[in-house]
Amino acid sequence: MKEQVWFKARVISSHGKHSFVEKEDGTVLEATRKGKKVDLAVGDIVECLQTSPEQVSIQKIEPRRSLLYRSDELRTKPLASNIDQVAVVFATRPSYNPHFIWKAMLAAETADIHILMIRNKTDFTADEALVRPFIEQLKELGAEVVEVSATTDPEGTVKSLEPLFRGKVTLLIGQSGMGKSTILNLLVKDAGQRTQEYSVALNLGKQTTTAVRWFNYEGGAIVDSPGFQEFGLSHLTLNDIMRGMPEIRDRVEYCRFTNCRHLNEPGCAVKTAVDKGEIDPERYAFYKELAEKAIAAEKNNY
Ligand SMILES: Nc1nc2c(ncn2[C@@H]2O[C@H](COP(=O)(O)OP(=O)(O)OP(=O)(O)O)[C@@H](O)[C@H]2O)c(=O)[nH]1
Ligand SMILES: [Zn+2]
């Protein structure tokens, strides 16, 4: 009879039926997940069965400490698990999308994960007036913000980021062009090359731009997500959204109705605060858009 070897490992990349797992001793193996739909997330700790020197099959996923979802036009699927913090890289050139950043905040908040904002390209000093109020607002909303200039001050960038990344598992995200790869490569010297090798090994070609990758870093890890479009928020309920936005959460108890949705209800403390200019109208519009989607989704489920 063939001898079967069991072991635990970390999923460090996952692409369709192909995944790579890393054992505690650092060995990396290609693994398959038989007969199951793609339900793995990078970061998962899995129980594997090694049936031959080349064959590893993932049998079981250990309970996750945290889980984030991604979505594209078609569906929502696991993005990364066992994450301690989400770090969002943004800059003024090309311009950032506030909704992208707020969605990341909301996703992190509802998954109980710390959020770190990395404002990059501070060398564009002419954009200060534009970006300062946005940064102040992020801080008011409870985000930690660090400001760097990855290309003009690489040493300072590493010095600022290293203490915030060390010992933690950080999911690094950002819209295209914000400087995420530049920052990743400053922190993980061979990240670019390893991504190349991975793509060749799997013969992924262009698809490699969507593959999520795990890089061990200073007692923790950095999880990179190239080609990342948006956090999947379609699994969030209206309640999750309200609880995930501080300016809504803090006013709910003052609304006339306990089940107020803060849309058209009379005596709504949230709407009043918007009218008085105490809540940013952009933030309210963001809430409204998500709330209406969540309500429609909840209706469809009945
Ligand atoms: N002026 C300035 N340019 C920067 C800075 N950081 C990165 N860049 C430049 O911005 C461009 C985009 O940087 P990348 O690191 O490739 O950006 P990315 O976020 O990984 O973008 P994608 O690869 O599209 O996901 C490059 O030309 C970088 O050299 C910075 O601090 N200041
Ligand atoms: Zn209300």
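What you are looking at is a predicted structure, and each value in this text was computed from that prediction instead of being measured.

## A closer look at the overall build of the protein
Right, on to step 1. The helix and strand tally for the protein stands at nine helices and 14 strands.
Right, on to step 2. A globule of 302 residues ought to have a C-alpha radius of gyration of about 19 Å, and the protein, at 21 Å, matches this closely.
Right, on to step 3. Taking the principal axes of the C-alpha coordinates as reference, the protein spans close to 75 × 55 × 30 Å.
Right, on to step 4. Out of the 302 residues in the protein, the part that is buried amounts to 34%.
Right, on to step 5. Summarising the internal contacts of the protein: among those between residues at least 6 apart in sequence, 65% fall at separations of at least 24.

## Comments concerning the pairing of strand β2 (residues 18–23)
Right, on to step 1. Pairing of strand β1 (residues 5–15) with β2, which is carried by six bridges, proceeds in the antiparallel orientation. Its bridge partner being in β2, H15 is matched across the sheet by H18.
Right, on to step 2. Linking two consecutive strands that pair antiparallel, namely β1 and β2, is a turn of two residues; a positive phi of about 60° is found at G16 within it.
Right, on to step 3. Two strands pair when backbone bridges link them, and β2 and strand β3 (residues 28–32) are joined in this way by five bridges, in the antiparallel orientation. Within β3, the position partnered with F20 by the bridge is E30.
Right, on to step 4. The turn joining β2 and β3, which pair antiparallel and follow one another in sequence, is formed by four residues; a positive phi near 95° is taken by G26.

## What about the UniProt feature "binding site: Zn(2+)" (unreviewed entry) in the protein?
Right, on to step 1. In the UniProt entry, the feature "binding site: Zn(2+)" (unreviewed entry) is given for C255, C260, H262 and C268.
Right, on to step 2. For C255, the position within the fold is in the loop between α7 (246–249) and α8 (269–275).
Right, on to step 3. Contacts of C255, omitting those with residues within four sequence positions, involve C260, H262, E265, G267, C268, A269 and V270.
Right, on to step 4. As for its placement among the helices and strands, C268 is situated in the loop between α7 and α8.
Right, on to step 5. C-beta crowding within 10 Å serves as the criterion here: with 21 such atoms nearby, C268 is assigned to the buried category.
Right, on to step 6. Sequence-distant contacts of C268, defined by excluding residues within four places in its chain, comprise C255, C260 and H262.

## Describing the site of ligand 1
Right, on to step 1. Around ligand 1 lies a shell of 16 residues, among which S176, G179, K180, S181 and T182 are the nearest.
Right, on to step 2. For the shell around ligand 1, the leading source of residues is helix α4 (residues 180–187), giving three residues.
Right, on to step 3. Of the residues belonging to the shell around ligand 1, the class tally is three nonpolar, ten polar and three charged.

## Considering the domain arrangement of the protein
Right, on to step 1. When cut into domains, the protein gives domain 1 (5–61), domain 2 (67–231) and domain 3 (238–300).
Right, on to step 2. Spacing between the C-alpha centres of domain 2 and domain 3 amounts to 28 Å.
Right, on to step 3. Taken together, the contact between domain 2 and domain 3 spans nine residues of the former and eight residues of the latter.
Right, on to step 4. For the side of domain 2 that touches domain 3, the element with the highest residue contribution is helix α1 (residues 98–110), accounting for six residues.

## Quick word on the environment of L290
Right, on to step 1. Mapped onto the secondary structure, L290 falls in helix α9 (residues 281–300).
Right, on to step 2. Between the C-alpha atoms of L290 and L238, which are 52 residues apart in sequence, the distance is 8.1 Å.
Right, on to step 3. Those residues within four positions of L290 in sequence are excluded, and the remaining contacts are L233 and I241.

Rules used throughout
- Residues numbered from 1 in each chain as written.
- Chains lettered and ligands numbered in written order.
- Predicted model: local features only at pLDDT ≥ 70, side-chain atom pairs only at ≥ 80, totals over all residues.
- Helix = DSSP H or I, 4+ residues; strand = E, 2+ residues; numbered from the N terminus.
- Rg over C-alpha atoms; globule rule 2.2 N^0.38 Å.
- Buried ≥ 20, exposed ≤ 12 C-beta atoms within 10 Å, placed from the backbone.
- Contact = placed C-beta atoms within 7 Å.
- Pairing = 2+ DSSP bridges.
- UniProt positions renumbered as here; feature names shortened; annotations may be inferred.
- Near = placed C-beta within 6 Å.
- Nonpolar A, V, L, I, M, F, W, Y, C, P; charged D, E, K, R; others polar.
- Domains from an automatic or database assignment.

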